[in-house]
Amino acid sequence: MRIDGRMFFLGAAFMLLETKAVVQLALLFGSTWVVNSAVFFSALVLILLANLYVLKAQKGGLVWHYAGLFVLLAAATAIPLDVFLNGGVVWRYVVPCGLALGPMFFAGVIFARSFRDATDPDMAFGSNIAGSVVGGLSESFSMLLGFRYLLLLAIAFYVLSALFARGRGRAAE
């Protein structure tokens, strides 16, 4: 048995994305069950949209999806949360939600394409779950880095997922 490195690191990074989204939006809007429900609902909708996109889209490269993912993650890391405390509806609600949840669409597309193309789907799914456990354990680094910079660890995991794909000759698919 061999772990699928790409799927492993996709699982680890996604767990950090989800944690960051819950914490960021709870800090902005309050930590209520409504906010948490909205975050999880939005994450599930974005994953559904990513799967539908993969079903409809022609086979193409994941390079643009990784690029979109990295741009949104870099922006979410660079922009401090307190800039969203003032302003209109778009600036105060839409932009922070887009920064927190937008990467989930790109991550979902990368996951769905990788899973679809996996030669051993059982091992790919198991590797992803194992990566999710590592991502969950990695959330502890938020005490060292802070939640804002926890995305740096997610970026590192996504870079590793791309490198594992390159090792198999599939990074630019």
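Relevant structure appears above.
All figures in this text were calculated on a predicted structure; none of them were measured in a lab.

This brings us to the layout of surface pockets. A water-sized probe, rolled over the atoms, reveals where empty space remains. What the largest pocket holds in volume is close to 270 Å³. Contributing to the lining of the largest pocket are 16 residues, with Phe-14, Ile-47, Phe-111, Asn-128 and Ser-132 lying nearest its centre. Elements with a contribution of two residues or more to the lining of the largest pocket: helix 1 (5-29), helix 2 (33-56), helix 4 (89-116) and helix 5 (121-138). Element by element, the count of residues in the lining of the largest pocket is highest for helix 1, at five residues. Across the lining of the largest pocket, the residue classes tally to 11 nonpolar, four polar and one charged.

On to helix 5. Here helix 5 is 18 residues long and its end C-alpha atoms lie 25 Å apart, about the 26 Å a rise of 1.5 Å per residue gives. Taken together, the buried positions of helix 5 are Met-123, Ala-124, Ser-127, Asn-128, Gly-131, Ser-132, Gly-135 and Ser-138.

Enumeration over the complete set of coordinates arrives at one salt bridge. The residue Asp-117 makes a salt bridge to Arg-116 at a minimum N-O spacing of 3.3 Å.

A separate point is the environment of Arg-116. Examined against the element boundaries, Arg-116 turns out to sit in helix 4. As a C-alpha pair, Arg-116 and Phe-157 span 41 residues in sequence and 20 Å in three-dimensional space. Side-chain polar atoms of Arg-116 contact the side chain of Asp-117, separated by 3.3 Å.

Our focus in this paragraph is the nonpolar core. Judged by nonpolar contacts, the single largest core of 39 residues is most densely connected at Leu-17, Leu-101, Met-104 and Tyr-158. Those elements giving two or more residues to this core turn out to be helix 1, helix 2, helix 3 (63-78), helix 4 and helix 7 (150-167). A per-element tally of this core places helix 1 first, with 13 residues. Apart from residues no more than four positions distant in its own chain, Met-104 is found in contact with Phe-14, Leu-17, Glu-18, Ala-21, Ala-43 and Leu-46.

Attention shifts here to the packing of helix 1 against helix 5. Across the interface, helix 1 lies against helix 5 with an axial gap of 6 Å and an inter-helix angle of 40°. In terms of orientation, helix 1 lies oblique with respect to helix 5. Where helix 1 crosses over helix 5, the handedness of that crossing is right-handed. Every residue of helix 5 that contacts helix 1 at Met-7, Phe-8, Leu-10, Gly-11, Ala-12, Met-15 and Leu-16 is listed here: Ala-124, Ser-127, Asn-128, Ala-130, Gly-131, Ser-132, Val-134, Gly-135, Gly-136 and Ser-138.

What the rule picks out here adds up to 10 aromatic pairs. Measuring from centroid to centroid gives 5.3 Å for Phe-29 and Tyr-93, while their planes differ by 20°, and the two rings are stacked. Of the two residues, Phe-29 is situated in helix 1 and Tyr-93 in helix 4; the sequence distance between them amounts to 64 residues. By relative accessible area, which is 29% here, Phe-29 ends up partly exposed. For the pair Phe-115 and Phe-125, a centre-to-centre distance of 6.4 Å together with 70° between the ring planes defines the contact as edge-to-face.

A few words now on the packing of helix 2 against helix 4. With their axes 8 Å apart at the nearest point, helix 2 and helix 4 run at an angle of 45° to one another. Between helix 2 and helix 4, the angle falls in the class oblique. Every pair of crossing elements has a handedness; the one defined by helix 2 and helix 4 is right-handed. Across the interface between the two elements, Val-39, Ser-42, Ala-43, Leu-46, Leu-49, Ala-50, Asn-51, Tyr-53 and Val-54 from helix 2 touch Leu-101, Met-104, Phe-105, Gly-108, Val-109, Ala-112, Arg-113 and Arg-116 from helix 4. Classifying every residue of the contact of helix 2 with helix 4 gives 12 nonpolar, three polar and two charged.

The rules we used
Residues numbered from 1 in each chain as written. Predicted model: local features only at pLDDT ≥ 70, side-chain atom pairs only at ≥ 80, totals over all residues. Heavy atoms only, no water. 1 Å grid on protein atoms, 1.4 Å probe; cavity = no way out; pocket = protein on both sides within 12 Å on 5 of 7 lines; lining within 4 Å. Points joined across faces, edges and corners; volume = space filled by probe spheres on them. Helix = DSSP H or I, 4+ residues; strand = E, 2+ residues; numbered from the N terminus. Nonpolar A, V, L, I, M, F, W, Y, C, P; charged D, E, K, R; others polar. Expected span 1.5 Å × (residues − 1). Buried < 20%, exposed > 50% of the residue type's maximum accessible area, 1.4 Å probe, protein only. Salt bridge = Lys/Arg side-chain N within 4 Å of Asp/Glu carboxyl O. Polar contact = N/O pair within 3.5 Å; in protein donor to acceptor, adjacent residues only side chain to side chain. Core = buried A, V, L, I, M, F, W, Y, C linked by side-chain atoms within 4.5 Å. Contact = heavy atoms within 4.5 Å. Axes fitted to C-alpha atoms, helices over the stretch in contact; angles between N-to-C directions. Parallel < 35°, antiparallel > 145°, perpendicular 65-115°, else oblique. Left-handed = near helix turned anticlockwise from the far one by under 90°. Phe/Tyr/Trp six-rings, centres within 6.5 Å; stacked < 30°, edge-to-face > 60°.

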